Structure formats: C-alpha cells, structure tokens
Amino acid sequence: MSNTARKHTALPKAQTLIEALPWLTRHHGKTVVVKFGGNAMIDEDLKAAFAQDIVFLHHAGLKPVVVHGGGPQINAALDQAGLVSEFKAGLRVTTPEAMDVVRMVLAGQVQRELVGLLNQHGPLAVGLTGEDAHTMTATKHQPVINGETIDIGRVGEITAIDTGAIKALLEDGRIPVISSIARSQDDGHVYNVNADTAAAALAAALGAETLMVLTDVEGLYEDWPNSDEVISRLTASQLEKLLPELSSGMVPKMEGCLHAVRNGVTTARVIDGRVQHSILLEIFTDEGIGTMVVPDARGAQNDQGEK
C-alpha cells in the first residue's frame, strides 16, 4: 500500500475520533446507567459489541453501570421447570417457585455471562444483585386493573436505594453489573423488579448524567403504526402527555426515562439495541440515534439541544 493510500484510509478514522472529542470532554467522569435488554441480550454479536461499548466508555473516562433483566432467559428456564409464564398489567406474575427461578437465572446465568464478556477486556466487571449491600429495597407491588387490586406475587416496587456499594466499585475503577432483584423492606422475601424501573431508580440515586435503555425498536415513534418517524428529542412534559398512548412494552421504559429526568438525571435515552455499537453512536456522535428525553426547560437553559 502506498503512503498516499494509507493516508486516505487513516483520515476518516481520525475524523471520527475528533468528532467524539466534544462528547468525550462533556461526559468525562460522568456516571452512565445502561439498561441491557432485548435482542442485544440474545444475539452473540450484539452481546460482544455491547461489552466492547461499555469497556470503551470506561476507558474513555466515563463511569458505566449496567442494569439487566432477563425476560427471554427466564421464560426458557420456567418452561424447563414446567412453570407457566403469566403476565398481568404487563408484569410477570411471580410465584415463590417462579421467584427462585428468576433469581437463579438473573444472578447465576445472565449476570455471569455479561460479567464474563466484560472481563475478557480486563479485571473490570463485578456482579451484584439489588440484594447486595441493601442496594435495592422493595415492597410488594399490587397493580390496580379496572379498579381492582390484583396479586402478582413476588413483584416489587422499589422503596429505597443505597448506592454505597456501586459508588465504591466505581471509585475502584470497576464496572458494576446489577441484576434487578431487590431485598424486601418488610417480609424477608426477595422481589423481582422490572429492570427498566430499577435502572431509572439507580440512575436517579447515583445522580447519573445519562440513563440509556436498550430496546428492540428505533426509539419512540411519532405516530405508530401510521408512521415510522422516530421522535429524536422530547421534554418530560411532552413525554408525560404521550404515556397513555404507548404500547405496553414501552410504558416501563418511558416511565423510567421520565422518572430519571424528573429526579436529576440530565438526559434519558431509548436506543435501538439491534444496532451494533448503538451506545457509542448515541454518546459520541453529533447525530445520535433513538429518542432522548430531557428535563422541562427552566427558562431556556435546557433547550439548546444538548446531547
């Protein structure tokens, strides 16, 4: 290869790196909570790309915290155990028997695999569940459907977050990987907590700069199913108005984003986990992808389209 040809192939790489510079500066030292889920959890190439992205964030001076659930893996394990997967109000009905399986799959399988992928790049990741060091405390969640309170078993509603263990790991240069199981506030049980909700609560408690939620869609659509235009940016109030119209799978994700930005997180984003390196594209490029939620503008300070 001639010198001229080499220069031409190297130049776009340099331009890409330089484009990332303002974002690297802005996000340096900031905590980013990433909810890992959807296809990115199942597809081997996407899993590997996700691990690379998180390690890149770490080496770029950010402080990533990963929160995960494990819907597909839990369904498979419940099937194997001969237990039925039942959903009410968009939440998994979690019997004591099912809870044992949920805990085993999340802490013993999904988390282990993710920790392993991250640790191919160095001694970085440490796995926790919300039970560890009182990280997440919950009480029984009792949804109301058509005016009636229903029992969905060991499903928890977060009542308290203790960020001590996570902060200690971050200070030590580690990447915490957290399974969405909580200790009980009042009855000695453990609870299954929606991972979107858990990620949002942790982002707020950690004072994170950004909450990122990986999904299997491109973002929040303008007028689904009539249009596939993605809303690239909206304020908390605009999102609140849209919530009643959203599909059930998007509700906990968007409620999580709303909770985060109303409680001190600078931006919350829903991004397409089916796109390799979507996290890097979102954090380090001018375009960004997916949908970004920002706090309501106080005066005009939040309305400058800041990423």
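Residues numbered from 1 in each chain as written. Predicted model: local features only at pLDDT ≥ 70, side-chain atom pairs only at ≥ 80, totals over all residues. Heavy atoms only, no water.

**Quick word on helix H3 (residues 71-80)**
Argument step 1. Of the positions making up H3, those classed as buried are Gln73, Ile74, Ala77 and Leu78. Take H3 and look down its axis: the buried residues cluster within an arc of 135°, on one side only. Of the exposed residues in H3, the ones pointing more than 90 degrees away from its buried face are Asp79 and Gln80.
Argument step 2. In this structure, the buried side of H3 is in contact with strand E4 (91-92) and helix H4 (96-118).
Argument step 3. Looking one or two places after H3, you find Gly82, whose phi comes out positive at around 70°. (Buried < 20%, exposed > 50% of the residue type's maximum accessible area, 1.4 Å probe, protein only. Helix = DSSP H or I, 4+ residues; strand = E, 2+ residues; numbered from the N terminus. Arc of directions from axis to C-beta. Contact = heavy atoms within 4.5 Å.)

**A closer look at the pattern of salt bridges**
Argument step 1. Counted according to the given criterion, the structure contains 13 salt bridges.
Argument step 2. In this structure, Asp151 and Lys140 form a salt bridge, with 3.0 Å as the shortest nitrogen-oxygen distance. Here Asp151, found in the loop between strand E8 (148-149) and strand E9 (156-161), pairs with Lys140, found in strand E6 (residues 136-140); they are 11 residues apart in sequence, far enough to count as distant.
Argument step 3. Among the residues examined, Lys140 registers a relative accessible area of 32% and is labelled partly exposed.
Argument step 4. Put simply, Lys35, Asp196 and Lys253 are held in one network by salt bridges that share partners. (Salt bridge = Lys/Arg side-chain N within 4 Å of Asp/Glu carboxyl O.)

**Some words on the packing of aromatic side chains**
Argument step 1. Using the criterion set out here, one finds 2 aromatic pairs in the structure.
Argument step 2. Measuring from ring centre to ring centre gives 5.8 Å for Phe56 and Phe284, while their planes differ by 65°; the resulting arrangement is edge-to-face. Separated by 228 residues along the polypeptide, Phe56 in helix H2 (residues 44-59) and Phe284 in helix H9 (residues 278-284) bring together distant segments of the chain.
Argument step 3. For Phe56, a relative accessible area of 40% translates into the label partly exposed. (Phe/Tyr/Trp six-rings, centres within 6.5 Å; stacked < 30°, edge-to-face > 60°.)

**Here's the deal with the nonpolar core**
For soluble globular proteins, the rule of thumb is that nonpolar side chains tend to be buried together.
Argument step 1. If you look at the biggest cluster of nonpolar residues, it comprises 43 residues, and the most contacted ones within it are Phe50, Ile54, Ile279 and Phe284.
Argument step 2. Elements that contribute at least two residues to this core include exactly helix H1 (3-27), strand E1 (31-36), H2, H3, H4, strand E10 (175-184), strand E12 (210-215) and H9.
Argument step 3. Residue contributions to this core peak at 11 residues, all from H4.
Argument step 4. Setting aside chain neighbours within four positions, we find Phe284 in contact with Glu19, Ala20, Trp23, Leu24, Phe56, Leu57, Ala60 and Leu62.
Argument step 5. Judged by nonpolar contacts, the second largest core, of 39 residues, contains Ile166, Ile231, Met250 and Met254. (Core = buried A, V, L, I, M, F, W, Y, C linked by side-chain atoms within 4.5 Å.)

**Here's the deal with unusual backbone geometry**
Argument step 1. Even without glycine at this site, Ala133 takes up a positive phi of about 50°.
Argument step 2. Within the secondary structure, Ala133 is located in the loop between strand E5 (125-130) and E6.
Argument step 3. The class for Ala133 is partly exposed, based on a relative accessible area of 48%.
Argument step 4. In this structure, Asn146 is a non-glycine residue whose phi angle is positive, near 50°.
Argument step 5. Tracing the chain through its elements places Asn146 in the loop between strand E7 (144-145) and E8.

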